[in-house]
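Residues per chain, in single letters:
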Amino acid sequence: MMIDKVNYVSPVNNLQSTKRSSNVANSQRTSDEISVSDEAKAAAEAMYLKQVSDETPDIRQDLVEKIKLKIQDPNYFSEATIAATADQILSAYGL
């Protein structure tokens, strides 16, 4: 006759599984929360912008080629083109 088992179920295993399920139920009731300071957000944005600037080439070769082709055209330097360029420069400086 076996005294340590009741109906072929070990009482120790039964108790351990009950504790495990109650621990799982307790962990689901709580939630984690974080807060990020404004300084950390600014630092993260600065890191992102630095990464973007590092990945961006200093010279946009496609634009340089377009401008070279326009300059080679003898009709490019007209009064209208010069005036439009001057207007763009002045508006870039807010004038």
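Residues numbered from 1 in each chain as written. Predicted model: local features only at pLDDT ≥ 70, side-chain atom pairs only at ≥ 80, totals over all residues. Heavy atoms only, no water.

1. Examining a nonpolar patch on the surface
Taken together, Ile67, Ile71, Phe77 and Ile82 make up a surface patch of nonpolar side chains, about 400 Å² in accessible area. Note on placement: Ile71 falls in helix α3 (residues 61-72). Under the relative-accessibility criterion, Ile71 is labelled partly exposed at 44%. (Patch = residues over 30% accessible without salt bridge, like charges linked within 9 Å, V, L, I, M, F, W, Y side chains within 5 Å. Areas by Shrake-Rupley, 256 points an atom, 1.4 Å probe, with all protein chains shown as cover. Salt bridge = Lys/Arg side-chain N within 4 Å of Asp/Glu carboxyl O. Helix = DSSP H or I, 4+ residues; strand = E, 2+ residues; numbered from the N terminus. Buried < 20%, exposed > 50% of the residue type's maximum accessible area, 1.4 Å probe, protein only.)

2. Focus on the pattern of salt bridges
Tallying each qualifying case throughout the model produces two salt bridges. Linking Asp54 and Lys50 is a salt bridge whose minimum nitrogen-to-oxygen distance equals 2.9 Å. Taken as a pair, Asp54 and Lys50 lie in helix α2 (residues 38-55) at a separation of four residues, close to a single helical turn. With respect to class, Asp54 is no different from Lys50; both count as exposed. The residue Asp62 makes a salt bridge to Arg60 at a minimum N-O spacing of 4.0 Å.

3. Describing helix α4 (residues 79-92)
The first and last C-alpha atoms of α4 sit 20 Å apart over 14 residues, in line with the 20 Å expected at 1.5 Å per residue. Looking one or two places after α4, you find Gly94, whose phi comes out positive at around 75 degrees. (Expected span 1.5 Å × (residues − 1).)

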